[in-house]
Each structure stands twice: as C-alpha cells, then as structure tokens.
Amino acid sequence: MSKVSKEVKVMSAQEAVERFVFDGAIIGIGGQNVSRCAVALAHEIIKQGKKDLTLTGCNLSIHMDLMVGAGLVKKCESGLGGQGKFGATFQFKRAIEEKRMEAEDYDHLTMVSRFLAGEMGIPFIPVRGLMGSDILNYQAASTKKKFEIINDPWNQGEKVLLVPAMEPDVTIVHVQKADEIGNVLIQGIASHEPELIRASKTTIVSCEEIISTQFFRSNSDYTTVPYHYIDAVVEQRFGAYPTATYGYYSFDADHINYYQQCSRAGGEEYKKYLDEYVYGCETFDDFIEKCGGVKKLNHLQREMVRLM
Amino acid sequence: MEKQYSDNYTREELMAIEASRFIKSTDTVILGTGLPMVAAIFAQKTHARGINFVVESGSIDPILPSVPFTVADPIIGYRAIKTGSLREVLGCLVQRGLVDIGFLGGAEIDQFGNINSTCIGDPQNPKVRFPGSGGANCIASCVPKILIITQHEKRRFPAKVQFITSPGYIDGPDGRKKAGLKVTKPEIIVVTDLCVMDIDASTGRLKVTKLMPGITVDQVYQNTRFRPAVSEHMGVVEPPTEDEVRILREEVDPKRVYLKDCPKTPR
C-alpha cells in the first residue's frame, strides 16, 4: 500500500513536528528570501530541539538561519543562503567560516532539477549549468557523489552533466490555502516548492487558512499540489511572518532588520533573540503578539493590498 | 533639440543608466537584485518599453511599478502574465535558451569574466563565506549576453577569482567550449564606476571600451589587479539627461532602495 491518504490531516505544529521531523533528517524548506518562509514550522523544530539536520532547498533564508543559529544543522545543501537586500544569513555564514556546519553548493536550477528527478521517481537528471565552475570541484566531506559528466548518448561529442535526485525526508512549507486532507493552493510565485513537495517523503504544510475540499473540486486548476504528497496540515495565520505571504501580508522590514542585527552580532545578542522570540513564545500566536499583534499585522495587510 | 545633460547625478546613477543602454526593447531579460534591477526597470520606462522581464522565483513578464527589494519580494509578481515557479523561469526559459540578457553581480570578477559569489580563501576552509550561486550559475552558463554592474575596486578585480561560481570564459577563448557549455561565446559587459569593459571573444579577456566622464585609463589600471586591454576606439560614457535622472529618482527607485547616494525626492 502506498502512503497516500485521503484522511483528515489537520494537526498542531507541535504534533506535526513530533510525528514527522526526526534527528538527522534531511529537511526540505520552502519559501524564498522575504516570501513565504515556513517560519512557524521552523520555530517549532527549534523548540523541539530536533538536531543533526540537513537543510535543503534553493534560497535558504531566515528560517534556515534560525535553525542554524539554534545549533541544530549539520549541513546545508542548496543554491544559496542569504536575505537579498537585508544582507547575509549571518548564522549560516559564521557556521561555515567556523567549520561548525558543512555547505554543499549547487545552483538554483540544479537543486530544482534534483527535486524534479525526485518527484518523478527517477535517479538522476541532466542540467546544462555548473560545467566549468568550481561548484563541481569542491564538495562537502559527507557527500558521496555530487555529479557525473557523461558523453551525450544521442549527440556525439557533447558532454552532459548529471546530478542525483533529491528526496528530502520531510519538507516544511507555508502556503496560502489548504484543505483538511492536504490539497494545496500556492498563490503568487511558487519558487521551487511544487517540485520540492512532490519529491519529499513527507510534507508538513502550514497555511493561512483551511478551505473546503469542495473548493478544489470546483476549481481544480487551482490545485498546486494534490493531497497525495501532504502528511500534515497546520492552520497558522501569519505563519510566514516576518516574511510575506502573497495576497495576505507583506514582509516586516523592521523585524527582519532587527533579526539581522542580532544575527550579525551573534553570541549573547543572538541568544537573547532566540530566548525572547522563539523559546520564550509558547505558541507562534504568542510570537506574533509579541511582534506587534493585530495592529502590526493590519499594517502589513494594508501594504499587501497596495501591491495587488 | 539639443539634449539637456544633467550635471547633478551620482556615479551609481550613471552606472545604472549606462547598463540600461545595452538593453533593447525586444529583449527578454532575467532580473537580479540591486543596481541591475534599477537599470532594467529604467530601460523599460525609457528606451525599451517592449522589454520583457522574467524573475528566477517564477514571475513572468511583470509590470514593475518601482524597484522591488529582492527577487522574492511579493511585488515581483505585479501584473505578471504568469506567476510560475523557479523551474519555469530558470529551466524552461533560461536553460531552454529563451532569455537574451542576464544581469549578474559578485564579490570578484576576473579578467576572463568569471564571477565569484561563493567564498574567499580555500573553498574547503573558507575565510569568508558569501551567499552562493543562487540562479547566477545557470544564467552565466545559458544566457548569450551578460551584464555586470559593480564598483571598481582592486579587490573586486583579481587576475583570477578564488572560486568560479559563474563561468565567464573560464581560462581563455575556448574555455567554455572545453568545459562543455552550450553557449560558447557570450557577450559579457561590465559597467563600473570607472569604465565599461567587455569580453574580446578572440582572447577571452576583458577589454576597456569606454571610460566614465573624467576618468583616465591609469585610474582603471590602478584599481584592477590585471592589466585589461584597451580599445583603440576608446569612448566616453554619455552622461544622463535631466529627464533621465528625474525618471530614475522619481519613478524607478523613489524609496532609495538601491540608489543610496542620491538626494531624496521631496514628497
């Protein structure tokens, strides 16, 4: 029997992380930069202290940096770690420079291609990039085989680069809408998430709102990913805060800047951030409340309305 | 009518405007963040209205009212023809060969146009770690025309980058072909605050083609750790008109997300 289930999968973030995230897991992370990072689920992983994690995705940003800063990550395998205009992901940067964490570099298209191979159940996939770059010349000590270059069997004299499929143990994503059984609707840019979700052995999705299955049955072209790939649905308003969720709220530049300040300073100042904003908040709703609550969020919602 | 050149512009502004001049109305351009974003949106608002943007995070042909913060800023999907996925943009457009121009940046750029955005020091043991490739490697590998905007500092222009994140001509005119890249002779144009350089495909090396107003070749040499060839028809970068500066400040980057040095627009 396959693992596909049409059961109701709604549960709390705490239960979802307890059930599906384990020490040593390869965790796929959705979101990109200031958009739809699965911050609520990352907070929960940190609170539960799941460790020796490998984080994988394309643009790993604040949610990655939080887990690295909490000392839970042994390796990042991705296209990039950074926060664009807001600067470096300083915990990531420092953990690599101080050799507390391994980094396995690819580029974005290679990562998404690896997820594409994973989601289609094939072992590897060709890409046109990476050749001639040093990304091929260096790999993490723990990596078995990063790539292979072969002669194109159909075009004599041409080289083809193959990269292995990536199937994370568990993926965390934050989306706009999902139903109780795990049908998912992503609005706005989808980044690498459709491939990532389908490639993962299990997926926890947090969402702004739970909608009816009837919605998907009446608007089936809106289904970004059907329930087959989803194992837990966590209802969490503002679950990507301080990053944005398209259609719902913009990112909070003030909080991101504050986080960056703490992350850049490191040491006690960073520990204080984690204590106050992660460990010190029993639920993610408490965190939202601490960051300005309804008033702040109304403001970010209005900013989003202006964008639409 | 004679052009009214502005005498009130910053070096950053002229870099963005000069870079925008390499974009045509018929081009499909993949956007990156920073000054390239300013240059591309400026082009769309002036001489290249037909330009079509794609953004790595999945936005296809948005109409950007002003510069976004990042490639994943929710504004990036504004009035887009399609908000799709990273695979659709980097895979089905860039890798597929349907994008004409890519903008790249990095910590180091060398004489072959190779870019380093990964690290300084031994890559197994980096002294300084940068963000990494992102979409850049794929763009450098697959797009036939690459534009780079950067400050001209000695440390940014070594003879050889410490890590090739995104390949230029790698080690010479046939470097890309030997490596197996399909686009073997891309145009690579580097716009700095001192000059404009492009790759001479016959040598695989950067060559200075234009100087910024008031800058000498010696100043370029002094700020570069290799000795670039110099064009026999050396030009000077045309200054912006008053109108161009106004559009840049008031319409393209009114919040001064990227144009840090120029005066704020009164509101």
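The structure presented is a predicted model; accordingly, all values stated were derived computationally and were not measured.

(A) Expanded view of the packing of helix α2 (residues 39–48) of chain A against helix α9 (residues 267–279) of chain A. All names here are of chain A. At their nearest, the axes of α2 and α9 sit 10 Å apart, and the two run at 110 degrees to each other. As summarised for this structure, α2 and α9 are arranged roughly perpendicular, according to the angle between their axes. From α2, His43, Ile46 and Lys47 reach across to α9, where they touch Tyr277, Val278 and Tyr279. Broken down by class, the residue content of the contact of α2 with α9 amounts to four nonpolar, one polar and one charged.

(B) A look at the pairing of strand β5 (residues 101–104) of chain B. All names here are of chain B. What you see with β5 is no split at all: Ile101 and Phe103 on one side and Gly102 and Leu104 on the other are buried throughout. Pairing of strand β1 (residues 28–31) with β5, which is carried by two bridges, proceeds in the parallel orientation. Looking across to β5, one finds that Ile30 is bridged to Gly102. In the sheet, β5 pairs with strand β10 (residues 145–150) via four bridges, with the strands oriented parallel. Looking at the pairing, Gly102 lines up with Ile146 of β10.

(C) Quick look at the confidence of the model for chain B. Residues at a pLDDT of 70 or more form 96% of chain B, whose mean pLDDT is 92. Note on the complex model: pTM 0.95, ipTM 0.95.

(D) Structural detail: the interface of chain A and chain B. Chain A puts 49 residues into the contact, and the matching count from chain B is 54 residues. Carbon and sulfur atoms supply 61% of the area that chain A and chain B bury against each other, a total of about 4,200 Å² over both sides. Together, A:Lys85, A:Arg128 and A:Ile189 form the three largest contributors to the area buried by chain A at its contact with chain B, with a combined 16%. Taken together, the links from chain A to chain B amount to two salt bridges. Summed over the shared surface of chain A and chain B, the number is 20 residue pairs in polar contact (both at pLDDT 80 or more). Looking at the side of chain A that touches chain B, the elements that each hand over two or more residues are β3 (73–81), α4 (90–97), β4 (102–105), α5 (108–120) and α11 (293–307) of chain A. Its residues assigned to classes, the side of chain A that touches chain B shows 24 nonpolar, 15 polar and 10 charged.

(E) How the structure looks around the packing of aromatic side chains. All names here are of chain A. Inspection of every chain in the model, using the stated rule, returns 13 aromatic pairs over all chains. Considering the side-chain rings of Tyr258 and Tyr273, the 6.1 Å spacing of their centres and the 45 degrees angle between planes classify their relative orientation as tilted. Of the two residues, Tyr258 is situated in helix α8 (residues 253–265) and Tyr273 in helix α9; the sequence distance between them amounts to 15 residues. On the accessibility criterion, Tyr258 (29% relative accessible area) is partly exposed.

(F) Looking closely at α4(A). The buried fraction of α4(A) amounts to six of the eight residues, a majority that puts the element mostly inside the structure. A positive phi of about 60 degrees marks A:Lys99, the residue just after α4(A).

(G) Structural view of the environment of B:Val236. All names here are of chain B. With respect to the secondary-structure elements, Val236 resides in strand β14 (residues 229–236). We classify Val236 as exposed; its relative accessible area is 58%. Counting along the chain gives 175 residues from Val236 to Asp61, while the straight-line C-alpha distance between them is 33 Å.

(H) Just the pattern of salt bridges, in detail. Enumeration over the complete set of coordinates arrives at 34 salt bridges over all chains. Residue A:Lys201 is joined to A:Asp169 by a salt bridge in which the shortest nitrogen-to-oxygen separation is 3.4 Å. Taken as a pair, A:Lys201 in the loop between α6 (193–199) and β10 (202–210) and A:Asp169 in the loop between β7 (159–164) and β8 (170–178) lie far apart in primary sequence, 32 residues in all. According to the relative accessible area criterion, A:Lys201 is partly exposed, its value standing at 43%. B:Lys210 is paired through a salt bridge with B:Glu18; the nearest N and O atoms lie 2.8 Å apart.

(I) The sheet that holds β7(A), seen in detail. Residue and element names in this part refer to chain A. Here we have three strands laid out as an open sheet, ordered β5-β7-β6, and antiparallel in their pairing. Two strands lie at the open edges of the sheet, namely β5 (124–127) and β6 (148–151), each paired on one side alone. For this sheet the average axis-to-axis angle between neighbouring strands, irrespective of direction, equals 40 degrees. Contacts from α5 reach β5 and β7, with the element oriented near 145 degrees to β5.

Parameters and conventions
Residues numbered from 1 in each chain as written. Chains lettered and ligands numbered in written order. Predicted model: local features only at pLDDT ≥ 70, side-chain atom pairs only at ≥ 80, totals over all residues. Heavy atoms only, no water. Axes fitted to C-alpha atoms, helices over the stretch in contact; angles between N-to-C directions. Helix = DSSP H or I, 4+ residues; strand = E, 2+ residues; numbered from the N terminus. Parallel < 35°, antiparallel > 145°, perpendicular 65-115°, else oblique. Contact = heavy atoms within 4.5 Å. Nonpolar A, V, L, I, M, F, W, Y, C, P; charged D, E, K, R; others polar. Buried < 20%, exposed > 50% of the residue type's maximum accessible area, 1.4 Å probe, protein only. Pairing = 2+ DSSP bridges. pLDDT = per-residue confidence, 0-100. Buried area = accessible area lost by both parts, 1.4 Å probe. Salt bridge = Lys/Arg side-chain N within 4 Å of Asp/Glu carboxyl O. Polar contact = N/O pair within 3.5 Å; in protein donor to acceptor, adjacent residues only side chain to side chain. Phe/Tyr/Trp six-rings, centres within 6.5 Å; stacked < 30°, edge-to-face > 60°.

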